[in-house]
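Chain by chain, the residues:
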Amino acid sequence: MESIFRVEGNRLIREYDGEKLWIEPWGENSLRLRCTMEAKMPEDREWALLPQHKSKVEIKIDEKCASITNGKLTCRINEYGFVKFENEKGETLIAERWQNRQDVNNRLKPIPGGLYKATVRFEGVEGEKFYGLGQRQEPFLNLKGCELELAQRNSQVNIPFALSNRGYGFLWHNPAYGRVSFARNCTTWVAEVTPLIDYWVTAGDTPAEIVERYTQVTGRPPMMPYFASGFWQCKLRYRTQEELLEVAREYKRRGLPISVIVIDFFHWPQQGEWYFDPKYWPDPEGMVKELKEMDIQLMVSIWPTVDPRSKNYSEMKHKGYLVRTDRGIRTQKIFQGNEVFVDFTNPDAQKYVWNKVKENYFKYGIRIFWLDEAEPEYSVHDFDNIRYYLGPNLEVGNIYPMLYAKAFYDGMVKEGINDVINLARCAWAGSQRYGAAVWSGDIHSSFETLRKQVCAGLNIGLSGIPWWTTDIGGFFGGDPQDEKFRELIIRWFQYGTFCPIFRLHGHRLPTGEDAGGEDTGIYDVDTCGPNEVWSFGEEAYEIIKNLLFLRERLRPYIMEQMKTAHEKGTPPMRPLFYDFPNDKEAWNIEDEFMFGPDILVAPVLYEGARSREVYLPVGTEWREVNSGLVYNGGQYINCNAPLDIIPLFTRKDANLPIKV
């Protein structure tokens, strides 16, 4: 009987009863598996994965099984179609879970009249830890035991890449709506609507090697421009040109460092009209010129929402540039109007919006954009009712934020800007290669939320996104006159100083007309109270001011880390185990992190705390920055942390200008 296995180039193929399964090399020590019941394998779905040079592989076939080896990784497949992956020592890294040979038929279940629901299960391993999966508002770093939605939402960034402490990385290369469960007995990946199963596996001896291989195949960020390593000032929102300029001038009068200042939403006449309302922003060119004379870059908010009353709606609808709904009326978001989203999965829609932005912002010298609402944030998340140019949301929806970033990246590169950076509220695998910096969304102002940001930032860094930030102080709430909030924002500023992007933002109290000033009639309901560094009292101001100057002193060191991120994909902010993989205790630490190779940061994360326990990894001596004391690694110590102190340690021989 003819074998069910065959070789085509460097690809191992199994075909049986209509199922086509391909396994092939994709990057160093890595393999990509695709499986479909369609007549032909869908080969036009590269999504996150970049084309790869052909690798040398070893393929073996016998009557009942076959194997393919690429460097440190081998995939074995038996006669029934079940697969497992092994490292170069022959140790099983990941293996399909099955109880009988009929289980293979459950991988792709037909949807009546449509495509398939894909389910892949792998054996659970006691003691395995999982990291990555983008950004989640969860209070833990290790995601073992979690079930997670594979969908984009405000403050939830779905990047379906998992790093295991057992020496492998796994990318669920599918932008479909779904879920993943890291249960004790099995790991399950689900895509609700898809024509195929598509995943990528890599083997590595260290977390760093795994992340380097992953970013090799999904892309690495451009080199960060120097201005982006400084302090970013923002609030919801500066209403007029003069208000914004006066804040910038005040920073300069006080001699404070500032690199970026931000114009938030509703500076336009209508949503879907990407230009300054001349009533409130009469001289954009002069505004940008004055800011640049102060060495400040201007970032401008872009929303992908289009109001039917806007100038562009009819044309965009006629040309098919708007997201569609399968049922009901075409209102996808209700916020100061009834809006429809731009369909950034359509390449022509990408060019259309960029050309508007080029004409109305970029020509004035604005070269950094805030890509808000990038999930996109539907008022009702009926994912089954949304349809894109590329297909239904259930099948392709998670890729939207990546293509949103791509639209601006392509446009800016065409205009000669190669060190692109734009701030986006969401991302998918590969977004980093389009210059996407991500922040953690509209989060609450509380210590509980601050604690979650530590885990969120570390996991998204392991997911390939090295440029990340939060709204310092949280977005929702926070009264600058409240002593409890002042403590929170001091502790958040201390943490934010050691985030890849150092950015203040928030919707502060009081809001609306109570915020002071006359009622301008331009969405005062979305205007907040003061949110500048001098807004939180004298004690906070002195502490924050010192942090601003600390960040300035560290910028050469930070730019070194950004170069490493550009060249290797290494996140500047990473868990202790990234630099100390052989220290078993380092894998258990979830509230400390390394900022580059030489700085250990232990933020204070609880209200009223004036000390905290810190673990120092083995393999080096550590100098406590604030006391100058030197400690051996491999121990816990108790650190004093009065309000003006964040516990910091450097490797003993590191020469960094942390203290004046």
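Student: So what exactly am I meant to see when it comes to the overall build of the chain here?
Tutor: A count of helical and extended segments in the chain gives 11 helices and 40 strands. Relative to the 2.2 N^0.38 estimate, which gives 26 Å for 660 residues, the radius of gyration of the chain is 25 Å and therefore close to what a compact globule would have. Residue burial in the chain is summarised as follows: out of 660 residues, 63% are buried. Long-range contacts, defined as pairs at least 24 residues apart, comprise 70% of the intrachain contacts of the chain with a sequence gap of at least 6. Looking at the chain as shown, the accessible area adds up to about 24500 Å², and 46% of this sits on carbon and sulfur atoms.

Student: I keep staring at helix H8 (residues 447–462) and nothing clicks. Help me out?
Tutor: Residues separated by three or four positions in an α-helix point in the same direction, a consequence of the helix having 3.6 residues per turn. Taking 1.5 Å per residue as the helical rise, H8 with its 16 residues ought to reach 22 Å, and the 24 Å between its terminal C-alpha atoms agrees with that figure. The element H8 is largely enclosed, with a buried count of 13 among its 16 residues. One or two positions beyond H8, positive phi appears at glycine 464, with a value near 100 degrees.

Student: Help me out: how do you make sense of helix H2 (residues 241–253) in this one?
Tutor: An ideal rise of 1.5 Å per residue puts 18 Å on 13 residues; H2 measures up with 18 Å between its terminal C-alpha atoms. Of all the residues in H2, the buried ones are Gln241, Leu244, Leu245, Val247, Ala248, Arg249, Glu250 and Tyr251. The inward-facing, buried residues of H2 contact strand S19 (231–233), strand S20 (260–263), helix H3 (284–293) and strand S21 (297–302).

Student: Before we go on, may I ask you to explain the packing of helix H5 (residues 347–360) against helix H7 (residues 400–414) in this structure?
Tutor: Describing two packed helices takes the angle between their axes plus the distance from one axis to the other. Close contact between H5 and H7 brings their axes to 9 Å; oriented N to C, the two are set at 55 degrees. Classified by the interaxial angle, the pair formed by H5 and H7 is oblique. For H5 against H7, the interelement crossing comes out right-handed. Residues Gln350, Val353, Trp354 and Val357 of H5 form the contact with H7, whose own contacting residues are Leu403, Lys406, Ala407, Phe408, Gly411 and Met412. Residues of the contact of H5 with H7, tallied by class, amount to 7 nonpolar, 2 polar and 1 charged.

Student: Would you mind going over the sheet that holds S21 with me for this structure?
Tutor: Two orientations exist for strands paired in a sheet by backbone hydrogen bonds: parallel and antiparallel. Strand order in this open sheet of 8 strands is S31-S30-S29-S26-S21-S20-S19-S32, and the pairing throughout is parallel. Looking at strand neighbours, the two that pair on one side only are strand S31 (468–469) and strand S32 (502–504), the edges of this open sheet. Pairing analysis gives 3 bridges linking S19 to S32, with the strands arranged parallel. By the bridge assignment, tryptophan 232 is partnered in S32 with arginine 503.

Student: Teacher, can you tell me more about the confidence of the model for the chain here?
Tutor: Caution applies to low-pLDDT regions: their predicted coordinates should not be interpreted in detail. Taken over all residues, the pLDDT of the chain has a mean of 95, while the share at 70 or more is 97%. Highest mean pLDDT in the chain belongs to S19 (99); lowest belongs to strand S10 (residues 108–110) (93). Long-range and interchain partners of residues 517–525, a stretch whose pLDDT sits below 50, account for 16 contacts in this model, where long-range means more than four residues apart.

Cut-offs used in this document
- Residues numbered from 1 in each chain as written.
- Predicted model: local features only at pLDDT ≥ 70, side-chain atom pairs only at ≥ 80, totals over all residues.
- Heavy atoms only, no water.
- Helix = DSSP H or I, 4+ residues; strand = E, 2+ residues; numbered from the N terminus.
- Rg over C-alpha atoms; globule rule 2.2 N^0.38 Å.
- Buried < 20%, exposed > 50% of the residue type's maximum accessible area, 1.4 Å probe, protein only.
- Contact = heavy atoms within 4.5 Å.
- Areas by Shrake-Rupley, 256 points an atom, 1.4 Å probe, with all protein chains shown as cover.
- Expected span 1.5 Å × (residues − 1).
- Axes fitted to C-alpha atoms, helices over the stretch in contact; angles between N-to-C directions.
- Parallel < 35°, antiparallel > 145°, perpendicular 65-115°, else oblique.
- Left-handed = near helix turned anticlockwise from the far one by under 90°.
- Nonpolar A, V, L, I, M, F, W, Y, C, P; charged D, E, K, R; others polar.
- Pairing = 2+ DSSP bridges.
- pLDDT = per-residue confidence, 0-100.

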